[in-house]
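# Structural overview for review
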Amino acid sequence: MAATTSLVVGSLVWVEDSDIAWIDGEVVEVNGEDVKVLCTSGKTVAVKASNVYPKDAEASQCGVDVMTKLAYLHEPGVLQNLRSRYDINEIYTYTGNILIAVNPFTKLPHLYACHMMAQYKGVAFGELSPHPFAVADAAYRLMINEGISQSILVSGESGAGKTESTKLLMRYLAYVGGRAASEGRTVEQQVLESNPVLEAFGNAKTVRNNNSSRFGKFVEIQFDRRGRISGAAIRTYLLERSRVCQVSDPERNYHCFYMLCAAPPEDIQRYKLGNPRTFHYLNQSNCYELDGVDDSKEYIATRRAMDVVGIGSDEQDAIFRVVAAILHLGNIEFAKGKEIDSSMPKDEKSRFHLRTAAELLMCDEKLLEDSLCKRVIVTRDETITKWLDPESAAFSRDALAKTVYSKLFDCCGHFFLRQWVFFFNFHWIVDKINSSIGQDPDSKFLIGVLDIYGFESFKTNSFEQFCINLTNEKLQQHFNQHVFKMEQEEYTKEEINWSYIEFVDNQDVLDLIEKKPGGIIALLDEACMFPRSTHETFAQKLYHTFKSHKRFSKPKLSRSDFTICHYAGDVTYQTELFLDKNKDYVVAEHQALLSASKCSFVSGLFPPLAEESSKSSKFSSIGSRFKQQLQALLETLSSSKPHYIRCVKPNNLLKPSIFENKNILQQLRCGGVMEAIRISCAGYPTRKPFDEFVDRFGLLAPDILDGSSNEVAACKKLLEKVGLKGYQICKTKVFLRAGQMAELDTRRSEVLGRSASIIQRKIRSYLARRSFILLHRSALQIQSVCRGQLARKIYEGMRREASSLRIQRDLRMRGMAARNELRYRRQTRAAIIIQSQCCKYLARLHYLKLKKAAIATQCAWRGRLACKELQKLKIAARETGALQAAKNKLEKQVEELTWKLQLEKRMRVDMEEAKTQENAKLQSALQNVQLQFKETKELLAKECKAAKRPAEVVPVIQEVPVVDHAMLEKLTSENEKLKAMVSSLEKKIDETEKKFEETNKISEERLKQALEAESKVVQLKTVMHRLEEKILDMEPETQVLRQQTLLDSPVKKISMHPPIPVIPNLENGHHMDEVNKSNEPQSVTPVKKVGTESDGKLRRSNLERQHENVDALINCVTKDIGFSHGKPVAAFTIYKCLLHWKSFEAERTNVFDRLIQMIGSAMENEENNGHMAYWLSNTSALLFLLQKSLKAAGSIGATPSRKPPPPTSLFGRMTMGFRSSPSSNNLAAAAALAVVCQVEAKYPALLFKQQLAAYVEKIYGIIRDNLKKELSSLLSLCIQAPRTSKGNVRRSGRSFGKDSPSTHWQSIIDSLNTLLSTLKENFVPPVLIQKIFTQTFSYINVQFFNSLLLRRECCTFSNGEYVKAGLAELELWCCPAKEEYAGSSWDELKHIRQAVGFLVIHQKYRISYDEITNDLCPILSVQQLYRICTLYWDDNYNTRSVSPDVISNMRVLMTEDSNDAVGSSFLLDDNSSIFPSLLMTFPIHSKRKNSWKSNQQRNFLRIHPSYFYISKA
């Protein structure tokens, strides 16, 4: 693509390298077609100019997210762009609408969290960073908007991440198209859970991948008209059956075998399994375990997934019995039998496995042995039974195992299929999954996800690789047609002629493989139908048929191999197993045996075939059937709009951070990416929007841009002036042919070089001139300073001479003036003293006269009032005298009974103590007597034994008399004395016990008497309390009557506003005149004594009057009655009324319910911030008053000196702050506290306080959310600067007439000012205002910062300047609002401020990581810094981002924290939670005075007789 004219010395180019594919360097010499390049590796190479590709010197170090944005779209440019993005963990890149996904081999959880799916939902394709979610969303939106089915093709070689990409696509489609669960499981859940089942039975470890899919999969997700998932279907292709019996080291068999061997002990015992090393089908390889995979856990997870997709426990048991039977089949070995060429199980071990396999398959053991060792040949005349030799029997065993496993896997697909339409005869597991998910027959839209194997080329390529590569040839043709079609659409949209573009078709390769009757598959089927055909005869047939075909060749030194030249390269196939693997038939003996199984599951895998159908059936082969499947798949893809994801494996070591250029380049070629680029390069590979083209190349012809407002015309004149041919000026872009971009860049480099020389010359001239001017000015300044100093000295001499003359003159006049002044001052002082004494005497005389008259008047008036008051008190004393006497009498009785009870208790205690002492003495005496008795008894027994012992001794010499009568009598007498003593002691003990019982009885009687006395005391106290309650109930009625008398008295006629004495408040909320009425004079008329009937009428009238008062209060405060001296009138009116009515102390009242209903109805107009602010001010003020007034029951008597705990809530801190600050704002709060009375609140009052706190929180949230709604539409316009041409005024003085974007920021400022003024007018507490604006600024910070991290076009230098200017406007707004209202709002923008500050730094590549984290952006996390550094690009000055060392440091830190899926997210969350429960108090304040808005309401309250106390507020 390079042109010789474009290469000059100093040009940056790419040259081919044998080790790393391509290497960059600089041209050091150009000699015609020969070019010498100094590579970055240090070596110099000589190459042809035609083999050199230009390098973009201004390319971003972080690459571009869309390949078409590359200045040079060629192979090394694409490879370098992928490497640059891979180094910063940006693994996704677009090529048109094709997504290239490079496997990172590490976890990147922040890319796939739920918040990322929410970010991509509904966003236009290409607006956000490349991602599989974007592809899935684009497919979903096209399906919904255009009504066309979509398909997403995921391809790549083993280990490239196809399966994971497919899971992400399905997960996103389930997210956007999810529906409510029906019968416990949704379709999307079942589709996602089908993956573990299919992976368990269809995936295995290969050399390149530990979880390689050994089958192709096409998932159809069906949608209804509303875009909800209504059904799904799964198709599988070409399971690798040979792996069941043949495994090469270091690969593994299918995962399900190893899972079953690691199952729980009861399952292993049931299936008679053991270590996988003991099974022939598993021990052919030395690999039994995978790193980081626990097969036992995978077994349980697979079981759970089967439950989700609808496979019952019985069916699961049947599946794993079949899997276990396959393992046992593999351990059956054969030896020669008794007859010729016969076979039989080798030993008892083989017979054990044969018997176990028959038990698991539930078939006859003998029939199973015969089916393996014999063949039945049916002829026209007879049936012949033929024995098989041991080798043939082993082949028969392996054929049975492969057939059973293939039927099992494919029927797993059929299990999913019961309600799905399927083209092919798939097997049980897939069938079961499909049937459980269910298909929507009414669905007209679907999205298909194809997870297909990539192009494969190994040392040994067999029939599987042949079919896989055929699939990729078909898909590549489909891909080429799609890319060519996209180019056509692009050119048609831009009105460009595209007829000359060459389209390379691989139809000749497809004809070579599948054409009838002479294709390779047709010849293979023909060879399979002849019994004597071998792979050698088949190979010879191929050599003869395709000897002249340019895509077919015969390798040297090989007799049976053949080579096909595919689009991705040459592949040599070995034909040894082609015929065996192509044959698709079931041995009749195997079919009959398993169809007769007693297990319905096994017999269902092998349904019996009718004889007629079996006789008339034609030959069937794997190749032909696969070709039909492939054709059906392509028809499905052709009927839908395709989307492509090309998965790439960066290295064969399966390790992160390793990028192998040659390996990736080969995969890009195999994936068709390079072919797509070749198609693009055949036309116009470079496409630049008009503004970008003018910005980049406008310096080549600056004269044509002066005064021009048409970018299209400017581009056309510029290209005409530089003399390019073959370009196209289209509707929105400039299209350049291959090589023209390099030529323009060469000319641009020359202009920039010349401009740099001119700039250097001008700078040097400017510096020299500035130095000269500085010296000249310095000389002039020195001269002027010297002249000034001389002039000042001359002037100083003249000034001294004039001063001396003036001093002499003034000294002569000063003495006379001083004497005159002294004389005048003495006279004045004497006159003032005389006047003051005279005025003092006259004023004191007048004061004494007035005082004497006032005292006389007061004494007379007070005497008159005292007489009246004495009469009233005497009358009141007669009414309450009887009750007071009864009360005093009861109190005396209670005191006497209490004294008697205490005396009785003391006597009882003394008696108990005496009784205890007496009992102790008696017990000690009894114990002593018992001890004496015991000792005497023992002594007597010893003497008896001693007396008997001599009598028993046998005489030896002579007989001596033994009995001593004197001693015997003595002992007898002592014995009688002891018995008498014992009997006396027993009598004493009995007497003592009787006394003890009598004492107990007396104690119990006295205890009963004491309890009865206590019960009497309790009863008397109860009676006394009832009397006190009656007295207290009479006091309010008396007070009401006194008030009415006061209003009707002639005193009211004298003055409408009599002076109200100051009455001290008590803790319980009552006034002194209500507690101690008998000790103070009253100014009301007495209340006459009435009977029971009059009391009832009085109570009813009071109740009606109370309802009227409540109605009047509700009607008053429902209207906006404004504020008085900064206090909300409605709140204080309600508080004073409730305090006066003693509603806080009432057990039952409906006043609070009426007030709550009134506040709730006032909140219906949520859109009006002024109305909501008014009620926020009133409810918060009322809540403050309640917090200071109400105390829970039992808290009144608490110790007053105890210091309350420090408040922890928002309003508690608010109160403490106002108490400690003596500002003028707290004067209103002090005034509010002055009217507060401590009241012992009952349950209704406490409940009302809680409900009121909830309403304050609700109103606060409504005001804050209204502001957020108003700002949300403006924030999206303020995050990104409008696109302007580089010909703007700020760059070169040119302008294309675009408006300034500052209006959006000004709209935000206006919204904030409007709300602030509204809150001030309604006297909302400043701390609430601070909280509203703090949370609003936090919301702005989150929206700006998240948009910056998700949109690459926002992460630019110019956009940083734009946002920084807007943030400066917000800072200016915070300054006049001050700390009182703005609070810490400006600090909430710390994330976006630091991020924007980082964007507008010019020399980022010089900044170290420590400087970024410690100085510039200390608040940002590593993930956020990494995201900003990798997304940054400079659209103005082409400055670079941070250095690669900083990027690598960030990657290391992110890798260390990659396990923390939560902490790795780089987005911020909007914390919109309302402050803690309003259980603490807060003040009310105001700086301004505001009169009531409704004087009529105020006058009504003051005139109303029930509201006389309102004037106190």
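Report follows, based on the coordinates.

About the criteria used
- Residues numbered from 1 in each chain as written.
- Predicted model: local features only at pLDDT ≥ 70, side-chain atom pairs only at ≥ 80, totals over all residues.
- Heavy atoms only, no water.
- Helix = DSSP H or I, 4+ residues; strand = E, 2+ residues; numbered from the N terminus.
- Expected span 1.5 Å × (residues − 1).
- Buried < 20%, exposed > 50% of the residue type's maximum accessible area, 1.4 Å probe, protein only.
- Axes fitted to C-alpha atoms, helices over the stretch in contact; angles between N-to-C directions.
- Parallel < 35°, antiparallel > 145°, perpendicular 65-115°, else oblique.
- Left-handed = near helix turned anticlockwise from the far one by under 90°.
- Contact = heavy atoms within 4.5 Å.
- Patch = residues over 30% accessible without salt bridge, like charges linked within 9 Å, V, L, I, M, F, W, Y side chains within 5 Å.
- Areas by Shrake-Rupley, 256 points an atom, 1.4 Å probe, with all protein chains shown as cover.
- Salt bridge = Lys/Arg side-chain N within 4 Å of Asp/Glu carboxyl O.
- Phe/Tyr/Trp six-rings, centres within 6.5 Å; stacked < 30°, edge-to-face > 60°.
- Lys NZ or Arg CZ within 6 Å of the ring centre and 35° of its normal.
- Lys, Arg positive; Asp, Glu negative; His and termini not counted.
- Charge placed at Lys NZ, Arg CZ, Asp CG, Glu CD.
- Core = buried A, V, L, I, M, F, W, Y, C linked by side-chain atoms within 4.5 Å.

### A look at helix α32 (residues 1129-1140)
Under the 1.5 Å per step criterion, the end-to-end length of α32 is 16 Å for 12 residues, consistent within 8% with the ideal 16 Å. Counting buried positions along α32 gives 11 out of 12 residues, so the element sits mostly inside the fold. If you check which residues of α32 are buried, you get V1129, A1130, A1131, F1132, T1133, I1134, Y1135, K1136, C1137, L1138 and L1139.

### Section: the packing of helix α25 (residues 690-697) against helix α26 (residues 711-722)
Put simply, α25 and α26 touch, their axes get as near as 9 Å, and they point 45° apart. As the angle between them shows, α25 and α26 are arranged oblique. Handedness of the α25/α26 crossing: left-handed. For the pair α25 and α26, the contacting residues are F690, D691, F693, V694 and F697 in the first and E711, V712, A714, C715, L718 and L719 in the second.

### Thoughts on a nonpolar patch on the surface
Residues I759, I763, Y766 and L767 make up a contiguous nonpolar surface patch of roughly 390 Å² in combined accessible area. For L767, the location among the structural elements is in helix α27 (residues 740-952).

### Description of the packing of aromatic side chains
Across all of its chains, the model carries 35 aromatic pairs by this definition. Aromatic side chains Y86 and F659 sit 5.6 Å apart centroid to centroid with 45° between the ring planes, which places their arrangement in the tilted category. Here F659 lies in the loop between β21 (641-648) and α23 (661-670) and Y86 lies in helix α1 (residues 75-87), a separation of 573 residues in the sequence. Exposure class is identical for Y86 and F659. Each is buried. Each ring, one from F215 and one from F409, has its centre 5.0 Å from the other, and the planes form 65°; the classification is edge-to-face. Of this pair, F215 sits in the loop between β10 (212-213) and β11 (216-223) while F409 sits in helix α12 (residues 390-413), and the two are 194 residues apart along the sequence. The exposure class assigned to F409 is buried, which follows from its relative accessible area of 1%. Geometry around W14 places K55 over its ring, the cationic atom sitting 5.4 Å from the centre.

### Considering a negative patch on the surface
Taken together, the side chains of E986, D990, E991, E993, E997 and E998 make up a negatively charged region of the molecular surface. For E991, the position within the fold is in helix α28 (residues 965-1048).

### Comments concerning unusual backbone geometry
In this model, D249 is joined to P250 through a cis peptide bond whose omega is 5°. You can see P250 is positioned in the loop between β12 (229-237) and α6 (255-261). A positive phi is found at A21, a non-glycine position, where the angle reads about 75°. Its identity as a non-glycine residue notwithstanding, F105 has a phi of 55°, on the positive side. In this fold, F105 is placed in the loop between β7 (98-102) and α2 (114-120).

### Remarks on the nonpolar core
Among the nonpolar cores identified, the biggest contains 247 residues, and F201, F257, F1144 and L1370 are the most heavily contacted of them. Among the elements that line this core, the one with the most residues is helix α37 (residues 1243-1278), at 15 residues. Not counting chain neighbours up to four residues away, the residues in contact with F1144 comprise Y1135, L1138, L1139, F1152, L1186, L1190, V1239, E1240, A1241, K1242 and A1245. By size, the runner-up hydrophobic cluster in this structure holds 50 residues, among which are I98, L510, L637 and C670.

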